[in-house]
Amino acid sequence: MSKDSPLADWSSLQGPGIRASDRDQRRIVSFDPEARKRCQTTIRATAMVFQDPVSQRLRANLDRIAPSDATLLVIGETGTGKELVSRYIHANSLRRSGPFVAVNCGAFSDTLAEAELFGYEKGAFTGALKTQAGWFEAANGGTLLLDEIGDLPPTLQVKLLRVLQEREVVRVGSRRPIPVDVRVIAATNVDLEAAVQAKRFREDLYFRLNVASVRLAPLRERPGDIPTLADHFLDLYKERLNRPDLTIGDEALRRLVHCAWPGNIRQLENTLHNAVLLAPGPVIGPDDIRQRSQGHARAEAAAEAVDLESAVKILTERAIADGESDIHERVTRSVIRAAFDLAEGNQVRAADSLGLTRNAFRTQLAHLGAIAPRRRSDAPQLPKPTQPPAIQRPIRRLTDLPIGYQKYGTSNILKMRGALEQRLAAHGYRVTWTEFLSGPQLMDALDTMRVEFVATGEAPPVFAQAAGVPLVYVGHEPPAPSGEALLVRRDSPFQGTGDLRGRTVALHKGSNVHYFLLRALQAQGLSFDDIQPVHMRPSDALEALVDGRIDAWAIWDPLLSSAQIRSDTRVLTDGHGLVPNHQFYLTNQSFADRNPEAVAILLEELGKAGEYAALHAAEAARSMTRAFGIEASALELAFSRLTYGAKPLDDRTVRQQQGVADSFHALGMLRSSISVRDAVWMRA
């Protein structure tokens, strides 16, 4: 294997429970059976691969997350390899020499779960004949996987939250806290956000666990992994069953690739086990592939086919026989929607996967109502004249200009003033507004072309550019370092950022305060590894700070001002001397090149909106308090700190933004290094 091969580092992979292989240049991770014997838990895992592009992107994410000590949430269907991913994280972490303990939270009864996790003292309950350490103590110095975390009883959720906050456990029957040094990885196959909304899972525990997260795609979404996994399981079971000459035929392999696999990797393993056991000849044929997609009748019918055309034919015949209507439209809609979902809302990737142009795919999405059409006729349809008119004026068409904004940003001031719509309409544009919670969401909307123009802080465009979003910087606002800060409770003993070592700090990951917090820590010789960063929505963080569930909160204006005017909070440090806190205006290259006049008008009107709010803070605050949902006094404070004068990027601003990108890249938080200058729009 060459030095430049992406598999070159696998031979040196260390850590308990992982056996790495590069058999035939394939990316395989399999469970070490000896480690399974040593780990007496109820978890079961076998093998996964990183062959499909989806899996390769997952591996890149895992490699970035592994070296940190952050709590991790692994999300995926049953059988997708959540335990193996957790073992991979552990084996590539600084804790690799420590224990790895995997525990299935769904395997415990409500009465025994606490004793299993935290341990118990002799005589604590009937049957407690000796003192027993729990799983947290067993994993001390290493990693603890809490699988099926969504099944944890509500009473245990409260206690687990305290353990994660205090880093100590109290055994059942004892009052003595025992310090533990454990990295927790939580895994689930349920939608925890939905469970939080349904009050089945604590929201504060969810945010504590979701410091970092990865989603494991089901096997049907990464078909490139199936042949490699099939070969792996074939080798495994033909050795166990003493059938060394057995091979798998091309038709059987094609059938495996086209199966739906609701049971994912585990179902594939069982299918290969069965085929090796029962195949009558030296070659496994399609008839030897015996699997059933329970609860997936239509998927099973398609799985019986060996190619796309046959699968569609089977489904069409069934639909016609059942007398179903609108079959052609429904099939088209299903294909478009499936490609869009599989591409995670990225129109370019979805169009490419179907062999369509982006414009053709966008037209289909608009027809389905998934997105708004790009252009609409702005004039009423005129009746056809009975005779040719002397002069026939063309119907004027307006170009849609969808703008993404945050409720607490300058763009919202522009929206409420209403001047932009009238001015752009005179130049042939129809403005629509869509509100987003944060900068990262704005960047995703820009990537998927749901919006054409956005405004956000320093960190979101850096992460977006590194992820391949085709953005360009068209303007920025002057620095406003006092517009973001670290807040603590008024009675907090902390006097500076250095006092936050080991403490819980809330932030909205990927937002503008992400870089501010990084710089504030660096100024005291600290890093994210020295605190417990918690991803938390701004709407929840203030209450958590006041209640003592977090120790500090990194936040921006006007939410900063809203908290600052209270009597129970104070500013620990703000951005002065640490960050410029720029506001950037971004669009995509093609829109900027086609519509330079619209870009110029946007920047000019944004400058006017900022000037109005900054120079007439009290008046602006009174008129906008209801729309912002913030007290007028807080808005006035925020507006008085606002800078204005939107203009194109200069060299100094580019250098400062490049510094932001370089800082995140040095910490391994970006997929790749980027050049901010390459993303600065140059008007033709």
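**Here's the deal with the nonpolar core**
Phase 1: Counting 133 residues, the largest nonpolar core has F136, I149, L486, W553 and F639 as its most contacted members.
Phase 2: Among the elements that take part in this core, helix α25 (residues 596-615) stands out by supplying nine residues, more than any other.
Phase 3: If we ignore the near neighbours within four places in the chain, the residues touching W553 are A485, L486, L487, A506, P538, A541, L542, L545 and A563.
Phase 4: Of all hydrophobic cores here, the second largest spans 22 residues; its members include L229, A275, V276 and I284.

**Looking at the confidence of the model for the protein chain**
Phase 1: Averaged over all residues, the pLDDT of the protein chain is 79; the fraction at 70 or higher stands at 82%.
Phase 2: This stretch, residues 1-46, has a pLDDT under 50; its non-local contacts, to residues over four places away or in other chains, come to 113 contacts.
Phase 3: Counted against residues more than four places away or in other chains, residues 374-387, with its pLDDT under 50, gives 23 contacts.

**Things to note about the sheet that holds strand β23 (residues 552-556)**
Phase 1: Ordered by their spatial adjacency, five strands build an open sheet running β22-β21-β23-β20-β24, and the pairing between neighbours is mixed. The open sheet is flanked by β22 (532-535) and β24 (569-574), the only strands paired with a single partner. Each strand of the sheet is rotated relative to its neighbour by a mean of 30°, with strand direction disregarded.
Phase 2: Its contacts with the sheet put helix α21 (residues 512-522) on β20 (484-489), β21 (504-507), β23 and β24, and the angle it makes with β20 is roughly 70°.
Phase 3: Most of the contacts of helix α22 (residues 538-547) go to β23, to which it runs at about 145°, and overall it touches β20, β21, β23 and β24.

**Describing helix α17 (residues 410-417)**
Residues separated by three or four positions in an α-helix point in the same direction, a consequence of the helix having 3.6 residues per turn.
Phase 1: Within α17, the full set of buried residues consists of T410, S411, N412, I413 and L414.
Phase 2: At the C-terminal side of α17, G418 shows a positive phi close to 80°.

**So, the packing of helix α20 (residues 459-466) against α21**
Phase 1: Closest axis-to-axis distance for the α20/α21 pair is 6 Å, and the angle between their directions is 100°. Taken together, the axes of α20 and α21 are roughly perpendicular relative to one another. Packed against α20, whose contacting residues are A459, P460 and F463, the element α21 presents N512, H514 and Y515 at the interface.
Phase 2: Among the residues forming the contact of α20 with α21, the class breakdown is four nonpolar, two polar and no charged.

**A closer look at empty space enclosed by the protein**
Phase 1: Within this structure, the stated rule accounts for three cavities of 30 Å³ or more.
Phase 2: What the largest cavity holds in volume is close to 470 Å³.
Phase 3: For the lining of the largest cavity, the secondary structure elements donating two or more residues are α17, β18 (453-456) and α27 (632-640).
Phase 4: Split into classes, the residues belonging to the lining of the largest cavity amount to 12 nonpolar, 14 polar and three charged.
Phase 5: Of the volumes computed, that of the second largest cavity is approximately 60 Å³.
Phase 6: Taken together, L161, Q165, D204, R208, V534, M536, R549 and I550 make up the full set of residues lining the second largest cavity.
Phase 7: Among the secondary structure elements, those contributing two or more residues to the lining of the second largest cavity are α6 (154-166) and α8 (203-209).

**Here we look at the environment of I630**
Phase 1: Relative to the helices and strands, I630 resides in the loop between α26 (617-628) and α27.
Phase 2: Residue classification places I630 among the buried positions, given a relative accessible area of 4%.
Phase 3: Once residues lying within four places of it in the same chain are set aside, the contact partners of I630 are Y408, P558, L559, S562, T625 and L635.

**Some remarks on the packing of helix α9 (residues 226-240) against helix α11 (residues 264-278)**
Phase 1: With their axes 9 Å apart at the nearest point, α9 and α11 run at an angle of 45° to one another. The pairing of α9 with α11 is recorded here as oblique in orientation. Considering the relative orientation of α9 and α11, their crossing is right-handed. Facing I226, L229, A230, F233, L234, L236, Y237 and K238 of α9, the residues of α11 in contact are I265, L268, E269, L272, H273 and V276.
Phase 2: Split by residue class, the contact of α9 with α11 holds 11 nonpolar, one polar and two charged.

**Things to note about the packing of aromatic side chains**
Phase 1: With the rule as written, the count across this model stands at eight aromatic pairs.
Phase 2: Considering the side-chain rings of Y405 and W433, the 5.8 Å spacing of their centres and the 85° angle between planes classify their relative orientation as edge-to-face. Note that Y405 is positioned in strand β16 (residues 397-406) and W433 in strand β17 (residues 429-436), a separation of 28 residues in sequence.
Phase 3: Taking the centre distance of 5.2 Å and the plane angle of 80° together, the rings of Y473 and F584 count as edge-to-face. Placement of Y473 in strand β19 (residues 471-477) and of F584 in strand β25 (residues 583-588) is noted, with a sequence separation of 111 residues between them. The burial state of Y473 is the same as that of F584; both residues are buried.

**Details of a nonpolar patch on the surface**
Phase 1: Together, V331, V335, L354 and L356 make up a nonpolar patch on the protein surface, roughly 270 Å² of accessible area in all.
Phase 2: Along the chain, V331 turns up in helix α14 (residues 327-342).

**Some thoughts on the pattern of salt bridges**
Phase 1: Summed over all chains, the structure comprises 24 salt bridges.
Phase 2: R87 is paired through a salt bridge with E83; the nearest N and O atoms lie 3.0 Å apart. Pair noted here: R87 and E83 are both in helix α3 (residues 82-91), with a separation of four residues, about one helical turn. Neither residue differs from the other here; R87 and E83 are each classed as buried.
Phase 3: D444 is the salt-bridge partner of R450, the closest N and O atoms lying 2.6 Å from each other.

**Structural notes on the sheet that holds strand β4 (residues 72-76)**
Phase 1: Overall, parallel pairing links the five strands, which are arranged β5-β8-β11-β4-β12 in an open sheet. With partners counted over all chains shown, the strands left at the sheet margins are β5 (100-104) and β12 (212-216), one partner each. Ignoring which end each strand starts from, the neighbouring axes of this sheet average 20° apart.
Phase 2: Contacting β4, β5, β8 (143-147), β11 (183-188) and β12, α3 runs over the sheet at an angle of about 150° to β4.

**Some thoughts on the environment of V546**
Phase 1: Tracing the sequence through the fold places V546 in helix α22.
Phase 2: Non-local contacts of V546, meaning those with residues more than four positions away in its chain, are made with R489, R566 and D568.

**Structural notes on the side chain of D557**
Phase 1: Positionally, D557 belongs in the loop between β23 and α23 (559-564).
Phase 2: Given the relative accessible area of 13%, D557 is considered buried.
Phase 3: Within the structure, the side chain of D557 is placed 2.5 Å from the side chain of S561, a separation counted as a polar contact.
Phase 4: Dropping the residues within four chain positions of it, D557 is found in contact with Y408, S482, G483, A638 and R641.

Reading the values: the criteria
- Residues numbered from 1 in each chain as written.
- Predicted model: local features only at pLDDT ≥ 70, side-chain atom pairs only at ≥ 80, totals over all residues.
- Heavy atoms only, no water.
- Core = buried A, V, L, I, M, F, W, Y, C linked by side-chain atoms within 4.5 Å.
- Buried < 20%, exposed > 50% of the residue type's maximum accessible area, 1.4 Å probe, protein only.
- Helix = DSSP H or I, 4+ residues; strand = E, 2+ residues; numbered from the N terminus.
- Contact = heavy atoms within 4.5 Å.
- pLDDT = per-residue confidence, 0-100.
- Pairing = 2+ DSSP bridges.
- Axes fitted to C-alpha atoms, helices over the stretch in contact; angles between N-to-C directions.
- Parallel < 35°, antiparallel > 145°, perpendicular 65-115°, else oblique.
- Nonpolar A, V, L, I, M, F, W, Y, C, P; charged D, E, K, R; others polar.
- 1 Å grid on protein atoms, 1.4 Å probe; cavity = no way out; pocket = protein on both sides within 12 Å on 5 of 7 lines; lining within 4 Å.
- Points joined across faces, edges and corners; volume = space filled by probe spheres on them.
- Left-handed = near helix turned anticlockwise from the far one by under 90°.
- Phe/Tyr/Trp six-rings, centres within 6.5 Å; stacked < 30°, edge-to-face > 60°.
- Patch = residues over 30% accessible without salt bridge, like charges linked within 9 Å, V, L, I, M, F, W, Y side chains within 5 Å.
- Areas by Shrake-Rupley, 256 points an atom, 1.4 Å probe, with all protein chains shown as cover.
- Salt bridge = Lys/Arg side-chain N within 4 Å of Asp/Glu carboxyl O.
- Polar contact = N/O pair within 3.5 Å; in protein donor to acceptor, adjacent residues only side chain to side chain.

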